[in-house]
Structures are given as structure tokens and as C-alpha cells.
Amino acid sequence: MNSNVIRRILVDLARSYPSQYHQVYLNTLQNQQVRTLTVVHGQIDQLPQKVKDFVEECVELCCPDKLHICDGSEEENNNLIKVLADKGVINQVTKLENCWLARTNPKDTARVEAKTFICTEEKHDAVPRSKPGVQSKLGHWLSPDDMDKAVAELFTGCMKGRTMFLLPYSMGPIGSPLSKIGIQLTDSEYVVLSMRIMTRMGQAVMKHLGNNDFVKCLHSVGTPKSERHENPLWPCDPERTMIMHRPDCNEIVSYGSGYGGNSLLGKKCFALRIGSTIAKREGWLAEHMLISGFTRPDGCKFYITAAFPSQCGKTNLAMMTPTLKGYKVECVGDDIAWMRFDKEGVLRAINPENGFFGVAPGTNHESNPIAMETVKKDTIFTNVASTSDGGVYWEGLEKEVDLTHLKICDWLGYEWTPGSKNLSSHGNSRFCSPAVNCPILDHAWEAPEGVPVSAILFGGRRPEGVPLVYEALNWKHGVFVGASIRSEATSAAEFKGKTIMHDPFAMRPFFGYNFGKYIEHWLSMEKKSQKLPKIFHVNWFRKGKDGKFLWPGFGDNARVIEWIMRRCAGEDVAIETPIGWIPKPGTLHIEGLNPTPNMEELLKIDKKFFLDELTEIEKYFDENLTTDLPQAMRDEIKAQRERLSK
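What counts and what doesn't
- Residues numbered from 1 in each chain as written.
- Predicted model: local features only at pLDDT ≥ 70, side-chain atom pairs only at ≥ 80, totals over all residues.
- Heavy atoms only, no water.
- 1 Å grid on protein atoms, 1.4 Å probe; cavity = no way out; pocket = protein on both sides within 12 Å on 5 of 7 lines; lining within 4 Å.
- Points joined across faces, edges and corners; volume = space filled by probe spheres on them.
- Helix = DSSP H or I, 4+ residues; strand = E, 2+ residues; numbered from the N terminus.
- Nonpolar A, V, L, I, M, F, W, Y, C, P; charged D, E, K, R; others polar.
- Pairing = 2+ DSSP bridges.
- Patch = residues over 30% accessible without salt bridge, like charges linked within 9 Å, V, L, I, M, F, W, Y side chains within 5 Å.
- Areas by Shrake-Rupley, 256 points an atom, 1.4 Å probe, with all protein chains shown as cover.
- Salt bridge = Lys/Arg side-chain N within 4 Å of Asp/Glu carboxyl O.
- Lys, Arg positive; Asp, Glu negative; His and termini not counted.
- Charge placed at Lys NZ, Arg CZ, Asp CG, Glu CD.
- Axes fitted to C-alpha atoms, helices over the stretch in contact; angles between N-to-C directions.

### Section: empty space enclosed by the protein
Logical step 1: Per the stated rule, a full pass over the model turns up 4 cavities of 30 Å³ or more.
Logical step 2: Its boundaries defined by the atoms lining it, the largest cavity holds a volume of some 190 Å³.
Logical step 3: Together, 16 residues line the largest cavity, and Tyr470, Ser484, Phe610, Glu613 and Ile617 are the ones closest to its centre.
Logical step 4: At the level of elements, α13 (475-483) and α17 (607-624) are the ones that each hand at least two residues to the lining of the largest cavity.
Logical step 5: Tallying contributions element by element places α17 first for the lining of the largest cavity, with 4 residues.
Logical step 6: Its residues placed into classes, the lining of the largest cavity shows 9 nonpolar, 4 polar and 3 charged.

Written as C-alpha cells, this is what we have:
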């Protein structure tokens, strides 16, 4: 986003499209907006020079009327809430403490993967070499030149008449050697409020930054070509939305969307896409994983990380209320894990986030009572329904909210009645809550050194064939298990239906570089000096012939984790199968479950199913990675096929 590059591009655009760009170009070159910029909060001359340079470049490009340098204070937060409430952008949820509800433009409700790009000089630094005629499903590439042109076209003058907010934020505990700092510039108060929840944001971060490097994040809700909006209170430009990442420069640029991972740039953009590229350079792992601590009745504690595609139970597992007597679960994080081996060779993890951005539908006191307690205070709800008594509602709360005498207003703002063919809440509606409000937050959740990881879990929604749990045979096999994740599509992305999709490492939309190199990076963790965690695959979603789930799930998933902990402790409670180790009969505690689960069916290994699965995985690899697939993965396919064929 260098000023000279932007000027050159603006000249080209002005020549090619004079009616559209000429006046904007002249205004920008003459610095008219910069000269009249009013700093309404903070002092720009006190910013570190690198930050000041970044701000000046973006001010010159975006032409805001005002600049607000965020300090992260309670007073600032309350003032911004009042601004949005006065505009009608958010409404107070009076039944809960300091909670608010926002409704977005209906076209701005989820990640836009098709419009999300990694920008590198060489295409295959970003995405693997796919088979001719096959559209890569492992990321989208844009050249740096095309990124510069897109930035110039979309961002020039886009903040005119608005306030630019400067957000200094830390991903991870401030000062931790595992943490990283970002600076986000945005024209959305909603984003400021949400980033304050999801990251450590404010003056303390700026003081710690000094004149060190940081991840540059520029965001704007955009200025649509058409003034017609489905929701005039929620500005966005969905037809031209673009989210671009330049890993070599640690830059993120997002235009046209004001919601979720498209605008809270510390989340998927920084924590995973840019984070994974930094992790590769520095020799650690940035992963789409929860982190939880499990304590046995004897006081022995294990930490696990787990990677599931969105809406596959990550938050529920991270905040589990175990049904096994004497067991305790404590939450470190529900979505992102940054992991690094320490000097003793132990893999340690931190949660780089500061809050929970959870899916609301399906969350209730049966599935996740801890989440329900967490959202009662200081939460921003988005795209859920509201009730006439000052509460919120979504699918999954039918047994908990008596709607008999209440009026319901759905996520679009229309009156809604139970039984309607339309849902009350969007499938990707969310709650954004501070982690400190979680009643089972782990005491070490902000430990600067991170927590020690004993096991890594992979999983997804697999209604057929995949057993409840199995342990990988070794590290390479475990990497293959992660690379082979398949799951039903979810509403967190723009895909529809119940298609079984490949979602390797639950990272398919979030790779910051070539997935083949990502696999190689995971394989490189296997060193004599490093104590590798065990790797497992779990599937809570297997169904019987009647279409019903075979496993009760939720708090009873602790029974599976208990078996995993025993394996981590070296106990002989498993038998070997062609796909990995599964529980010996009687070693997975199911006492007290009613009805008693059909464990034979839950742990059944259907050789034909897995041979077909291998064929699908091999086809996916051949089409999407071709020569970029590490030979170790082809060896694992061959070895597993041989084991299944015996």
C-alpha cells in the first residue's frame, strides 16, 4: 500500500476511466482530505513512526474526515455503543447485562471465500498446482500488481465523510513471546466494539509495540456504486467485496463487508492466513483449533487441541460440562491455537484471541450451558431474533424460551411466529463475548509460555462410516488424518446443502500459503528433540439406519476424551485396526447412558467404506495438489490401502 504505487495506479485508472476516477484522483493527489483531517481522539504525533507512516498512507488513500486513535478504555467503548444505539445500528438486549443486538445487510452474513485472496509474486507460493481444468479448492491467488489495482479502485476516497478508527491490538497475551501485534484501520464502530472483545486492544498494546514491526490491517465497509441498500443502517458493498492478504509484507486489506472474519481482521485473516505464514517462517504452528484442559479425579491434567470445521462442535467441546463424575473441563480457547515447541521439546499452545465468536443456533443449556452463561453479559449478538421482553432467540431455544405471550422479531427485522417456514435467526448468527466471562476459563489461559499439549484431535460431521474415535498410528499417519478431514458443509461459508466436503486440517479457507508446503511443515515437526503429542480423529455425528445419532454427544463426549487421556498416559486400552487404534471393548466408559449406545456400530471399521474414502482422498489430492503433494502422503495412502486389503 505504498503511496507512490497507489499514485501510479490512480493515474492509470484516471486515464482509463476519467469520469469515474479523475476527480477522486485529483483530490487524493492534492491531499485535500489530509489537510482537513480532524483527529478527534488521541494524538497522531505520539504514534510510533512505523504506525504513523502506515496511517498517513491510508488516510491519503481513503480520505476520512476524522481520525480516532483507540485507547480501548471503558469510556471509549460506552461512547461508541451510544453512537451506534442512537443511529439504530444496535439495540439493547435489556433482559441481559450490557448486551446488544445488531442486524446486518442480508448480503453480508458470512465469509466470502471466493472473494478472499492470497497475494504473492509466484502463484504457487499461495495455492498448489491443480490438475489442468480443475479449479483449485485450496485458496485463491492474486498478483501483487492486481492487488494494488484493486486497492486503488476500491479504497480511493472510500472513507470520505467518515471517521477512520486506529485499533492497536495484540493476538495473544500482551508481551508473550508467542504473541503478535496488529494495527487495524477501519471505518466501522461495530468492528471497533467487536475487536475490543476479540483481541487485547488499546494503549497498552501501543506502548509494548514501540517501533517494532506489526501486521498492517486496512478495512472499510465500502461505498457501493448503487445507493440502494437492503439495510441502510448496515453499509457494505457485497458486489465488490474483497479480502486480500500479502504475506511477504504482513498486510491484510478488506473491503465491502462489515461482519465476522471479513472485518474482524485479527480473527481468520491474521490468526490463520497471515499467522500460518509467519509460523512457517519461524518454525511453529498457527491452527484452527480449540484448546481445553481436562482434569481427572486423581488431579492429573491434560491439555488438548482440536480442529473441526466451523459448526462441528468446537465451542461445545471447548466449554464442555462433563457427565463423568469427578472430571473437570477448563477452557483456554474455542477457535484458534498458536503452538510452539519450548526448550524442553514440549509443544505449548496459546489462544491468540480474547473472546468467543460463537455460532448461536443450536446453542442452549443442553448443548452448551457454559456458553449460555458466558453470553449473559457484555455480548454483541448479530443476526439473531429479538423478543418483546428484551431478550434474544434462535433455533435451539424452543425448550427454554416460552414464546406463548411474546412477540418475536426475526433477524431481518420482521415479525416471526413459531412454525414459520423461515428461520428466526440466520444460520451463521453469532454471539461475541469476552473470554473472561466464561465460568470455566482455565487459570493458565493467559500464561505467556502457553499450556502443554498432550493430544491433537481432528474431526468433522460424518454421518456414515467414520468411527467415534481412533488414534493415528504415528505422527506421519496423524498428519495424513488431518490432511484428509471431510465434513458436511456449514452455513459459516457460502456453500449450501449437506455435501461432504474436503476440509484438510479444518483449514481449507484459511491457508496462508501452498497447502502442500503446509503439510511439509507439519511433517517437519517430527524431530528427536521434540515430544510429539498423540493425534486422534473423533466423530460425534455418526448416524444409525434410522437416521438418528448413535452417540449422545455434548457432555458425554468427555467419555471419549477420558479414553484419549488414558492413551496419552500410555495405558493399554486400544486395539489396532487398518485405520488406527480404537478402544478395546469395555474401555470406553458408557455406564449410565440411556439408551446404551451401540458401541459395535460406533466403532465399526467398514473396509469397503474406507477403501472408497481413500479413493476420494487420493482423487482430491491428485486434482488439487498434483506435484505439490508430499510423497509421505502418497506413502500413507498406499500403506492404508494395503492394510485395508488384507
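### Quick look at the sheet that holds strand β13 (residues 285-287)
Logical step 1: Taken together, 4 strands build an open sheet; the order of strands is β13-β17-β18-β26 and the sheet is antiparallel. Since the sheet does not close on itself, it has two edges, and those belong to β13 and β26 (451-452), each with one partner.
Logical step 2: Inspection of the sheet shows β13 paired to strand β17 (residues 337-341) by 3 bridges, in the antiparallel sense. Bridge pairing in β17 places alanine 286 opposite tryptophan 338.

### So, a negative patch on the surface
Logical step 1: There is a patch of like negative charges on the surface, built from Glu121, Glu122, Asp125, Asp145, Asp146 and Asp248.
Logical step 2: Structurally, aspartate 145 can be placed in helix α7 (residues 144-155).

### Some words on the sheet that holds strand β3 (residues 90-92)
Logical step 1: Taken in spatial order, the 5 strands line up as β3-β4-β20-β25-β19 in an open sheet, and their pairing is mixed. Single-partner strands in this sheet number two, and they are β3 and β19 (355-359). When the angles between neighbouring strand axes are averaged without regard to direction, this sheet yields 20°.
Logical step 2: Judged from the 5 bridges that link them, β19 and strand β25 (residues 430-434) form a sheet pairing that is antiparallel.

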